[in-house]
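What follows is each chain in one-letter form.
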Amino acid sequence: MTVPIWHELMLNPLAAFGILLALGVIGGQIAVRVARLPAITGYIVTGLIIGPYSLNLLNQQLLNEASIFVQLALGIALFEAGRRVDLRWLRVEKTLLATALLYCLLVFAALYALLNGSGFGAPASLMLAALGMATSPIVVLEIVRESRADGQVSERLLTATALSSVLAMIGFALALSYSHLSANHTVEEGILLPGWLILGSVALGLAAGLVTTLLNRWLGGHQREAQRVLLFGLIALVVGLADMLALLALLALLVAGMSTRTLRHGYTVSEPGILSLNHVFTVAFFVAAGAYLSPQALASHWQLALLCLLLRGGIGMLVWWLAARANGLSRKQGALLGLALSPLNSGSALLLGLGMVSLGTAATSFSAALMAALMINEIAAPFLTRLALRLAGETAGASHA
Amino acid sequence: MLEFSQSQPLTLGVELELMILNRRDYNLTRGSDDLLLQINRKPHGFDIKPEITQGMIEIGTAVHSDVNAMLEELLAIRKLLVDGAHKLNLGLAGGGAHPFQHWDDQRIYPKERYQLVSELYGYLAKQFTVYGQHIHIGCPDGDAAVRLTHYLARYIPHFIALSASSPFYQGVDTSFQTSRLTSVNAFPLSGCMPLVDSWQAFNGYFERMESLRIVASMKDFYWDIRPKPEYGTVEIRICDTPLSIETPVLLAAYAQMLARRCFAEEWSDISAEPYLTYSYNRFQACRFGFDGVLVDARSNQQQGLQEDLLETLRALEPHAEALNSQSQLAALRQRALKCHSDSRWLRQIHEQSGSLNEVVRRQSEHWMYAPAGVGVN
């Protein structure tokens, strides 16, 4: 037997996952203790430093191999985000639904106008504007968990976040359809693909929600541990099936979460407690998200990215401020809710591949613009969300709003 | 010197502390401020205020002579609260303690008195996230209030058994019918009023405690029953908040009948003897409810709580007639005969569903929507 020499050593996926977690935790703690920032910021910066675009401790191949953990983290967060949407409440509290829709619509229109005016072309602008509507469920949930936020602003924030993600994915699929059609691709690619993406994902989510509810009911509340493992298994199954069937796992899991909240006997899934198991995956998710970020993308698009983010944040604060009273909030709470919606959905990066196919030469700038926006947003937005919840008096130990 | 305000004898008022819940997993949520902001947008004239932690809210009725009018007012308050709660997707519920909340998650309401209580009592303040019903009975003067306080001490186990609705605490079945009172016991000034026999003697005791800088006001006493000089009442604080909207009225009617008998018979037999067994009897009621056994130190006899309650109700019939509370007396008798209690109902739901979330969901649905008169059984 020969002992391998240092330069021949190759990290395997398990070692990569270990590095991801260990360095992520250290980075998170430095952020919390030294800079008093959310741990998420530390995870992302750690990823950025060790990722393929910087030190390359984690190369692209290892990142791809660790992607299963990332997808699981995102899947669990989306399921949980879906469970935060109470359709019965939205039927009563139409103002919340209307405000969330108006916010998304205005963000979409403003981003489209800005991007199209900047020469991106209609298909790429439509796709980016659609992705820009979505607030990141995983960031918002993690900040809410970390700061133990609780109250009307947090509740409405989580509902608006989940709704924005649903709208963004539907909007993206429609923009994709337009893009294919305008690129003279086949009708199948132009209509059937987006249709399959939306309807297939929704159907998968509904089926998963139904099965989850039925099985949880069958197990009964006395089998809490079994329920938890079952839920974890079903979420993993949905992620896997969506991948096999070329569907949007993100949309399917949101719908699954929403349906378990809404279906008859959905209360049997009332306390999954799965998020506590999820923390390992969450750390991995954010470090990986940081590793995917490319600082080089900033060079060409930082001004546009910054403008997009400011526009998005400004619209959020204005819309929710105007609708605050109707939402049962004070004006200050309304504006803070708009600010708390800042985190862009980094899961959008997973949709990049779908968009690139139809965009041809515009694909490079499409990708760079999205990465530039994500780069700025992922570092700044967790702090802004936590700040907003703290100023709203909803975090543990916060001063009163 | 504490001044005892005069009030119309036998008038009544009740205060109820209620849980504020999220409607996702039915844990307590920080909702008191949001709910108050919502319902106070239009003037309503009801007494609704925050409590020590932000997952609680307290409602109080006006002063009533007739318990039926009290029920009407409670129903109107419930409607106002439920409308506000719908807007905010909050649940409201009765019950003496939330079955699975963690005390450390609770947040002290930012009001000076509550902050002071929190500083003095540390974790006890957050553990005080328990929910009780307080009953105020009008008294003509301070001496009558002292007498009535001692008189009612004998019947405290009845109130405990009739209102018990907190069998679960911190996620487990405590095997008690009410676990709430254990949280109250932890306070140094809990228990019962000392053996003073007049308002003047009470003032002497209060001034001594004040000079020792142990208390600053009557609010610092966490007794099961205490005189409330500023209202001119005696306040019974032993009851868990019941699960139904009408049970508080039954309990108030029972207190009114007992008070009427105390005043009518000019009772003044104040002695140390009943207090020998006070804590033991109280424990029996908390642990076993209607199945508890009460010890009478004077007669050296033991008697089942249910039997003792039924005998007392029988003796109160003329007073119920005089107060036009016969239907309330009959309802109380039915509860005692059938050993119906909120705790039993909660345990049944838990047995069927295996889920404490489901237990709270059902108790919230019941408090918010069940028509008066349905009960939980």
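Residues numbered from 1 in each chain as written. Chains lettered and ligands numbered in written order. Predicted model: local features only at pLDDT ≥ 70, side-chain atom pairs only at ≥ 80, totals over all residues. Heavy atoms only, no water.

Considering the overall build of chain B
Link 1 in the chain: Assigned secondary structure in chain B consists of 16 helices and 13 strands.
Link 2 in the chain: Here chain B has a C-alpha radius of gyration of 20 Å; the compact-globule value for 377 residues is 21 Å, and the two agree.
Link 3 in the chain: Taking all 377 residues of chain B together, the buried fraction comes to 62%.
Link 4 in the chain: The long-range fraction of contacts in chain B, counting pairs at least 24 apart against all pairs at least 6 apart in sequence, stands at 77%.
Link 5 in the chain: Carbon together with sulfur atoms contributes 50% to the accessible area of chain B, which is approximately 14200 Å² in total.
Link 6 in the chain: Chain B carries 35 positive and 44 negative side-chain charges, and their two centres are separated by 6 Å. (Helix = DSSP H or I, 4+ residues; strand = E, 2+ residues; numbered from the N terminus. Rg over C-alpha atoms; globule rule 2.2 N^0.38 Å. Buried < 20%, exposed > 50% of the residue type's maximum accessible area, 1.4 Å probe, protein only. Contact = heavy atoms within 4.5 Å. Areas by Shrake-Rupley, 256 points an atom, 1.4 Å probe, with all protein chains shown as cover. Lys, Arg positive; Asp, Glu negative; His and termini not counted. Charge placed at Lys NZ, Arg CZ, Asp CG, Glu CD.)

Considerations on the confidence of the model for chain B
Link 1 in the chain: Confidence in the prediction of chain B, expressed as mean pLDDT, is 93, and 99% of residues score 70 or more.
Link 2 in the chain: As a predicted assembly, this complex carries a pTM of 0.89 together with an ipTM value of 0.82. (pLDDT = per-residue confidence, 0-100.)

Looking at the side chain of B:Q363
Residues and elements named next belong to chain B.
Link 1 in the chain: Assignment of secondary structure puts Q363 in helix 16 (residues 356-369).
Link 2 in the chain: With a relative accessible area of 1%, Q363 lands in the buried category.
Link 3 in the chain: Discounting chain neighbours no more than four positions away, the residues touching Q363 are M19, A93, G94, G95, P99, L243, W345 and L346.

Considerations on the pattern of salt bridges
Residue and element names in this part refer to chain B.
Link 1 in the chain: In the structure shown here, the tally under the stated rule is 25 salt bridges over all chains.
Link 2 in the chain: We note a salt bridge from E235 to R226, for which the minimum N-O separation is 3.0 Å.
Link 3 in the chain: Residue E235 is classed as buried on the basis of its relative accessible area of 2%.
Link 4 in the chain: The shortest N-O distance in the salt bridge between D342 and R335 comes to 3.9 Å. (Salt bridge = Lys/Arg side-chain N within 4 Å of Asp/Glu carboxyl O.)

Comments concerning the interface of chain A and chain B
Link 1 in the chain: The interface of chain A with chain B comprises 34 residues on the first partner and 29 residues on the second.
Link 2 in the chain: With both sides pooled, the region where chain A packs onto chain B buries about 2400 Å², and carbon together with sulfur makes up 38% of that total.
Link 3 in the chain: Between B:R30 and A:E394 there is a salt bridge; the shortest N-O distance is 3.5 Å.
Link 4 in the chain: For the pair chain A and chain B, the number of links is 19 residue pairs in polar contact (both at pLDDT 80 or more).
Link 5 in the chain: At the level of secondary structure, the elements contributing two or more residues to the side of chain A that touches chain B comprise helix 4 (67-83), helix 5 (87-92) and helix 9 (152-182) of chain A.
Link 6 in the chain: Each residue belonging to the side of chain A that touches chain B can be placed in one class, and the counts come to seven nonpolar, 14 polar and 13 charged. (Buried area = accessible area lost by both parts, 1.4 Å probe. Polar contact = N/O pair within 3.5 Å; in protein donor to acceptor, adjacent residues only side chain to side chain. Nonpolar A, V, L, I, M, F, W, Y, C, P; charged D, E, K, R; others polar.)

Notes on the packing of helix 4 of chain A against helix 8 (residues 137-146) of chain A
Describing two packed helices takes the angle between their axes plus the distance from one axis to the other.
Residues and elements named next belong to chain A.
Link 1 in the chain: The contact between helix 4 and helix 8 brings their axes to 9 Å, and the two run at 75 degrees. The angle between the axes of helix 4 and helix 8 places the two elements in the roughly perpendicular class. Note on element contacts: helix 8 touches helix 4 through P137, I138 and L141, opposite A73, L74, A77, L78, E80 and A81.
Link 2 in the chain: Of the residues belonging to the contact of helix 4 with helix 8, the class tally is eight nonpolar, no polar and one charged. (Axes fitted to C-alpha atoms, helices over the stretch in contact; angles between N-to-C directions. Parallel < 35°, antiparallel > 145°, perpendicular 65-115°, else oblique.)

Let's talk about helix 6 (residues 94-117) of chain A
Residue and element names in this part refer to chain A.
Link 1 in the chain: Look at helix 6: 34 Å from first C-alpha to last across 24 residues, which is about the 34 Å you get at 1.5 Å a residue.
Link 2 in the chain: Residues L96, T99, A100, Y103, C104, V107, A110, L111, L114 and L115 constitute the buried set of helix 6.
Link 3 in the chain: Just downstream of helix 6, G119 is the residue with a positive phi angle, here 90 degrees. (Expected span 1.5 Å × (residues − 1).)

Some details on the pairing of strand 10 (residues 225-228) of chain B
All names here are of chain B.
Link 1 in the chain: Neither face of strand 10 is open: one carries I225 and P227, the other R226 and K228, and all of them are buried.
Link 2 in the chain: As defined by bridge partners, strand 10 adjoins strand 11 (residues 233-240) across four bridges and the pair is classed as antiparallel. Pairing of P227 across the sheet is with V234, part of strand 11.
Link 3 in the chain: As consecutive antiparallel partners, strand 10 and strand 11 are separated by four residues, and within that stretch G232 has a phi angle of approximately 70 degrees, a positive value. (Pairing = 2+ DSSP bridges.)

With respect to the side chain of A:E394
Link 1 in the chain: Along the chain, A:E394 turns up in the segment after helix 17 (363-391).
Link 2 in the chain: In this structure the side chain of A:E394 is engaged in a polar contact, spanning 3.5 Å, whose partner is the backbone nitrogen of A:G151.
Link 3 in the chain: Among residues more than four places away in sequence, those in contact with A:E394 are A:R148, A:A149, A:D150, A:G151, A:Q152, A:V153, A:S154, A:Q333, A:L389, B:R30, B:D34 and B:R107.

Structural notes on the environment of A:R264
Residues and elements named next belong to chain A.
Link 1 in the chain: For R264, the position within the fold is in the loop between helix 12 (249-262) and helix 13 (274-292).
Link 2 in the chain: Classification of R264 as exposed rests on a relative accessible area of 69%.
Link 3 in the chain: Separated by 50 residues in the primary sequence, R264 and L214 place their C-alpha atoms 9.5 Å from one another.

Remarks on the nonpolar core
Soluble globular proteins: nonpolar side chains tend toward being buried together.
Link 1 in the chain: Among the nonpolar cores identified, the biggest contains 121 residues, and A:Y103, A:I138, A:F286 and A:W320 are the most heavily contacted of them.
Link 2 in the chain: Broken down by element, the residue count for this core peaks at 12 residues, all from helix 9 of chain A.
Link 3 in the chain: Ignoring anything within four residues of it in the chain, the contact list for A:F286 reads A:I40, A:Y43, A:I44, A:I138, A:V139 and A:E142.
Link 4 in the chain: Residues B:Y114, B:I135, B:F221 and B:A285 belong to the second largest nonpolar core, which totals 120 residues. (Core = buried A, V, L, I, M, F, W, Y, C linked by side-chain atoms within 4.5 Å.)

A few points about the packing of aromatic side chains
Both the distance between ring centres and the angle between the ring planes are used here to describe each pair of aromatic rings.
Residue and element names in this part refer to chain B.
Link 1 in the chain: Counting across every chain of the model gives 21 aromatic pairs over all chains.
Link 2 in the chain: Considering the side-chain rings of W103 and Y123, the 5.3 Å spacing of their centres and the 65 degrees angle between planes classify their relative orientation as edge-to-face. Of this pair, W103 sits in the loop between strand 4 (90-93) and helix 3 (112-121) while Y123 sits in helix 4 (residues 123-127), and the two are 20 residues apart along the sequence.
Link 3 in the chain: Exposure remark for Y123: the relative accessible area of 46% places this residue in the partly exposed category.
Link 4 in the chain: Judged by centre distance (4.8 Å) and plane angle (70 degrees), the rings of Y121 and F187 are edge-to-face. Here Y121, found in helix 3, pairs with F187, found in the loop between helix 7 (180-185) and strand 8 (190-191); they are 66 residues apart in sequence, far enough to count as distant. Neither Y121 nor F187 differs from the other in exposure class; each is buried.
Link 5 in the chain: Here a set of aromatic residues connected by ring pairs shows up, and it is made of F4, W199, F202, Y205, F206, F221 and W223. (Phe/Tyr/Trp six-rings, centres within 6.5 Å; stacked < 30°, edge-to-face > 60°.)

Focus: helix 4 of chain A
Link 1 in the chain: For helix 4 of chain A, built from 17 residues, the straight-helix expectation of 24 Å at 1.5 Å per residue is met to within 8% by its first-to-last C-alpha distance of 24 Å.
Link 2 in the chain: Burial of helix 4 of chain A is extensive: 13 of the 17 residues sit out of reach of the surface.

Side note on the packing of helix 5 (residues 142-153) of chain B against helix 9 (residues 247-264) of chain B
All names here are of chain B.
Link 1 in the chain: Contact geometry for helix 5 and helix 9: axes closest at 10 Å, N-to-C directions at 120 degrees. By the angle between their axes, helix 5 is oblique relative to helix 9. The two elements helix 5 and helix 9 cross, and the hand of that crossing is right-handed. Every residue of helix 9 that contacts helix 5 at A144, L148, Y151 and L152 is listed here: L258, A259, R261, C262 and F263. (Left-handed = near helix turned anticlockwise from the far one by under 90°.)

Considering a nonpolar patch on the surface
Residues and elements named next belong to chain A.
Link 1 in the chain: Taken together, the side chains of L23, I26, I30, V34, V45, I49, L55, L57 and I379 define a hydrophobic patch exposed on the protein surface, amounting to about 770 Å² of accessible area.
Link 2 in the chain: Secondary structure elements with two or more residues in the nonpolar patch: helix 1 (13-33) and helix 2 (39-50).
Link 3 in the chain: Per element, the largest residue contribution to the nonpolar patch is three residues, and it comes from helix 1.
Link 4 in the chain: Along the chain, the position of I30 falls in helix 1. (Patch = residues over 30% accessible without salt bridge, like charges linked within 9 Å, V, L, I, M, F, W, Y side chains within 5 Å.)

Some words on the environment of B:I77
Residue and element names in this part refer to chain B.
Link 1 in the chain: With respect to the helices and strands, I77 occurs in helix 2 (residues 67-88).
Link 2 in the chain: Separated by 32 residues in sequence, I77 and G45 place their C-alpha atoms 9.7 Å apart.
Link 3 in the chain: The contacts of I77, once residues within four sequence positions are left out, are F46, I48, I59 and G60.

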